Amino acid sequence: MNSFERHEKRYLRRKAKRDKKVLDRSKYYADLNRSFCFSKVMYYADKCCRGVGYKKSTQKFKIHLFTIIATTCRNIKTGNYIVHDTYKFKINERGKIRNIDAPFICDRLVHKVISNEIILPIYSTHLIYDNGASMKNKGFIFALKRVKKKLYDWYKTNGYTGYIVLIDFSKFFENCSHEVIHNIHKKYIHDEYIIKVIEDYLFIDKGIALGVEIAQREACIIPNQLDHFIQNNGYSIERYMDDTFFLVKEYDDALEVLKNYYALANNLKLIINKNKTKIISINNYFKYCKWHYYISANGKIIIVPDKSTIYRQIRKLKKMSKLSINYNEITQTKDSFTAYLSIGNSYKYISSIINFN
């Protein structure tokens with residue numbers, strides 16, 4: 001047996017161990033009897049009602065809560081579940097029109113159970129640490145702080161030598177391929193019936209729907225292969241949903257990585273927005289997730305919010321004041337926004353919000 005054959009056998013043994021772990025994890029978590037037991041569904045039913053108790057649909061849901069939970073558990077386990085239509089509406093988010101598919105509370109209950117009891121524990125071990133979206137104890141602030149730390153660590157080692165690569169996907173949720181998602185399900189969830197249940201609730205229309213909790217989990221795993229490609233090449237990466245940031249030392253390296261990244265993204269049927277995908281020198285400021293970053297001459301990482309965010313909030317406060325909204329509500333809005341601004345170097349903006357009358 002030569003060296004190549006020994007390496008190949010070791011690789012196959014390691015692969016068999018990994019595959020067994022995936023299978024064991026799938027068998028444990030992809031179990032409807034474990035996930036859709038009465039006590040667990042009751043826990044998520046309570047979560048569904050939080051913050052929306054004023055709605056008529058929520059009040060009716062609470063009145064018939066025990067019956068709905070028992071029926072839901074039985075129907076899911078026996079294959080008699082019915083996926084209801086969603087409530088469709090549009091929102092204008094910073095000038096972008098987004099189509100929202102809001103599920104009714106009975107379907108939202110099923111989404112919560114599937115998302116937290118099946119999909120999350122199965123997917124979480126395969127995600128890179130710096131994939132912060134929709135993860136417990138992580139999230140948006142985690143992503144911003146990780147970018148700041150990566151810049152600081154890079155400056156201590158390399159100074160102003162290096163480049164920042166920013167990557168953005170075009171219409172990410174809308175362009176997510178059902179075929180790609182189905183292949184991911186087959187890879188990690190070894191139960192055809194559970195895959196069918198998930199996809200019946202997930203595949204509402206083209207792509208995956210904004211407003212559906214399961215869709216948030218799928219959005220984390222779809223570009224996972226791209227994250228591992230960058231990380232395995234030794235580059236420091238952070239991804240929040242469809243916004244990716246990583247650092248490279250040489251400009252030519254950045255171009256080479258992007259070339260391969262485009263090819264992998266094409267295999268996953270993801271469309272990269274080339275207008276927002278940029279290579280920036282590390283001594284220039286850049287914008288990531290609506291925050292501006294800059295490394296000062298003494299190595300301090302400056303992070304300030306985008307001005308459009310401030311102007312939008314001031315317009316909102318002016319409108320609230322004009323409509324004679326309760327003073328306590330205005331104060332709560334101001335406190336909430338100043339807490340958000342306190343993430344970075346925003347003293348001037350915080351003062352303007354606090355002193356707003």
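Keep in mind it's a predicted model, so treat the numbers as computed, not measured.

Chemist: How do you make sense of helix α1 (residues 3–29) when you look at a structure like this?
Modeler: Because an α-helix completes one turn every 3.6 residues, residues spaced three or four positions apart along the sequence face the same direction. Over its 27 residues, α1 extends 39 Å from the first C-alpha to the last, a length consistent with the 39 Å expected when each residue adds 1.5 Å. One side-chain oxygen of the residue at the start of α1 lies 3.2 Å from the amide nitrogen of F4, identifying that residue as N2.

Chemist: It is not clear to me how the pairing of strand β8 (residues 291–295) should be interpreted in this structure. Could you clarify?
Modeler: As a general feature of sheets, a regular strand has side chains that alternate between the two faces. Of all the 5 residues making up β8, 4 are buried; the element is thus mostly covered by neighbouring parts of the structure. Taken together, the 3 bridges between strand β7 (residues 286–288) and β8 define a ladder with antiparallel strand orientation. Within β8, the position partnered with F286 by the bridge is Y293. Between the end of β7 and the start of β8, which pair antiparallel, lie 2 residues, with C289 showing a positive phi angle near 55°. Where β8 meets strand β9 (residues 301–305), 5 bridges bridge the pair, whose relative direction is antiparallel. When the bridges of β9 are listed, H292 appears paired with V304. Hairpin connection of β8 to β9: 5 residues between the antiparallel strands, including G299 at a positive phi of 90°.

Chemist: Quick question: what am I supposed to make of the sheet that holds strand β5 (residues 243–248) here?
Modeler: The strands that make up a sheet are held in pairs by hydrogen bonds between backbone atoms, and each pair lies either parallel or antiparallel. Here 4 strands make up an open sheet; going across it, the order is β4-β5-β3-β6 and the pairing antiparallel. Looking along the sheet, the strands with just one partner apiece sit at the ends: β4 (236–240) and β6 (278–281). The sheet shows a mean angle of 20° between the axes of neighbouring strands, direction not considered. Relative to β5, strand β3 (residues 163–168) runs antiparallel, the two being bridged by 6 bridges.

Chemist: Help me understand the packing of aromatic side chains in this model?
Modeler: Each aromatic ring pair is characterised by the separation of its centres together with the angle its planes make. Applying the stated rule across the entire model yields 19 aromatic pairs. Taking the centre distance of 5.9 Å and the plane angle of 75° together, the rings of F38 and F66 count as edge-to-face. Taken together, the residues F38 in helix α3 (residues 38–49) and F66 in helix α5 (residues 65–78) connect sequence positions 28 residues apart. Residue F38 is classed as partly exposed on the basis of its relative accessible area, which comes to 38%. An angle of 25° between the planes, with centres 5.8 Å apart, marks the rings of Y81 and Y201 as stacked. Here the residue Y81 occupies a position in the loop between α5 and β1 (87–93), and Y201 occupies one in helix α10 (residues 192–202), the gap between them amounting to 120 residues. Ring pairing ties together the aromatic residues F140, Y240, W291, F337 and Y340, which thus form one cluster. Lying over the aromatic face of Y28, R34 brings its terminal NZ or CZ to 5.1 Å of the ring centre. The residue whose ring lies beneath K274 is Y262, and the NZ or CZ to ring-centre distance is 5.2 Å.

Chemist: Is there a simple way to think about empty space enclosed by the protein in this case?
Modeler: A water-sized probe rolled over the atoms picks out the places where empty space is left. Taken as a whole and judged by the stated rule, the model has 1 cavity of 30 Å³ or more. When its volume is computed, the largest cavity comes out at roughly 40 Å³. Residues of the lining of the largest cavity, tallied by class, amount to 6 nonpolar, 1 polar and 1 charged.

About the criteria used
Residues numbered from 1 in each chain as written. Predicted model: local features only at pLDDT ≥ 70, side-chain atom pairs only at ≥ 80, totals over all residues. Heavy atoms only, no water. Helix = DSSP H or I, 4+ residues; strand = E, 2+ residues; numbered from the N terminus. Expected span 1.5 Å × (residues − 1). Polar contact = N/O pair within 3.5 Å; in protein donor to acceptor, adjacent residues only side chain to side chain. Buried < 20%, exposed > 50% of the residue type's maximum accessible area, 1.4 Å probe, protein only. Pairing = 2+ DSSP bridges. Axes fitted to C-alpha atoms, helices over the stretch in contact; angles between N-to-C directions. Phe/Tyr/Trp six-rings, centres within 6.5 Å; stacked < 30°, edge-to-face > 60°. Lys NZ or Arg CZ within 6 Å of the ring centre and 35° of its normal. 1 Å grid on protein atoms, 1.4 Å probe; cavity = no way out; pocket = protein on both sides within 12 Å on 5 of 7 lines; lining within 4 Å. Points joined across faces, edges and corners; volume = space filled by probe spheres on them. Nonpolar A, V, L, I, M, F, W, Y, C, P; charged D, E, K, R; others polar.

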